[in-house]
Amino acid sequence: MKIRSKSKSRRGGILPLVAVMLPVTVGLAQAATVLLMATLLLRIPVAQPEGLVLSVAAASLAFVMITMAVVRALGDAGKALASILLIVQVSASGGIVPVELTSEFFRQINPWLPFTWVVRAVRASLFGAFDREWLAPLGIVLLTALVACACAALIGRWRVGEREAYRPAVDL
């Protein structure tokens, strides 16, 4: 018995929620793994544990939603753009090298990148930097996640594939 959808795409309903649940769950599991490794295995002392947990979870949610929005808007090209955006953000956020030591281009885009605010929130909650002020950067990251979620919900169409399309890439 084959169940076929009358429409290959849907705008609303439960499908968008289901499509987002798996990536969000994987992202949050990765965030939890990083937190557990840092605190239990590496024994890094945390100045504000609740801030660190919220910051890492918000970062995960924001980047999953940004990726989802870009992929929905641009299709497969969105995957490449999301990867490039991540690379640029790692370079320009000041997380690896202080932004003052980077090129003028990176200094100009630094305040506009979500990863900049993730780095600031994590540093504030992990080490007590920036006078332990992690709520404002966390708010910016959550706002970014909300805007990306709205874009992902409104841009493009959810495509429902045929059941036969979901099979292993190689038949043995």
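Please read all numbers here as calculations on a predicted model, not as lab measurements.

Calculation rules
Residues numbered from 1 in each chain as written. Predicted model: local features only at pLDDT ≥ 70, side-chain atom pairs only at ≥ 80, totals over all residues. Heavy atoms only, no water. Helix = DSSP H or I, 4+ residues; strand = E, 2+ residues; numbered from the N terminus. Expected span 1.5 Å × (residues − 1). Buried < 20%, exposed > 50% of the residue type's maximum accessible area, 1.4 Å probe, protein only. Arc of directions from axis to C-beta. Patch = residues over 30% accessible without salt bridge, like charges linked within 9 Å, V, L, I, M, F, W, Y side chains within 5 Å. Areas by Shrake-Rupley, 256 points an atom, 1.4 Å probe, with all protein chains shown as cover. Salt bridge = Lys/Arg side-chain N within 4 Å of Asp/Glu carboxyl O.

To continue, consider helix H6 (residues 135–154). The end-to-end C-alpha separation of H6 is 28 Å, in line with the 28 Å expected for 20 residues at 1.5 Å each. Listed as buried for H6 are Pro-137, Leu-138, Val-141, Ala-145, Ala-148 and Ala-152. Angular distribution of buried residues about the axis of H6 spans 100 degrees; they occupy a single face of the element. Opposite the buried face of H6, by more than 90 degrees, sit the exposed residues Leu-135, Leu-143, Leu-146 and Leu-154. Of the residues trailing H6, Gly-156 is marked for its positive phi of about 75 degrees.

A contiguous nonpolar patch, built from Met-37, Leu-41 and Leu-42 and spanning about 330 Å² of accessible area, is present on the exposed surface. Tracing the sequence through the fold places Leu-41 in helix H1 (residues 15–41). On the accessibility criterion, Leu-41 (57% relative accessible area) is exposed.

For Arg-43, which is not a glycine, the phi torsion comes out positive at approximately 55 degrees. On the secondary structure map, Arg-43 appears in the loop between H1 and helix H2 (49–74). Even without being glycine, Phe-130 reaches a positive phi, approximately 55 degrees. As for its position among the elements, Phe-130 is in the loop between helix H5 (114–127) and H6. Assessed through its relative accessible area of 35%, Phe-130 is described here as partly exposed.

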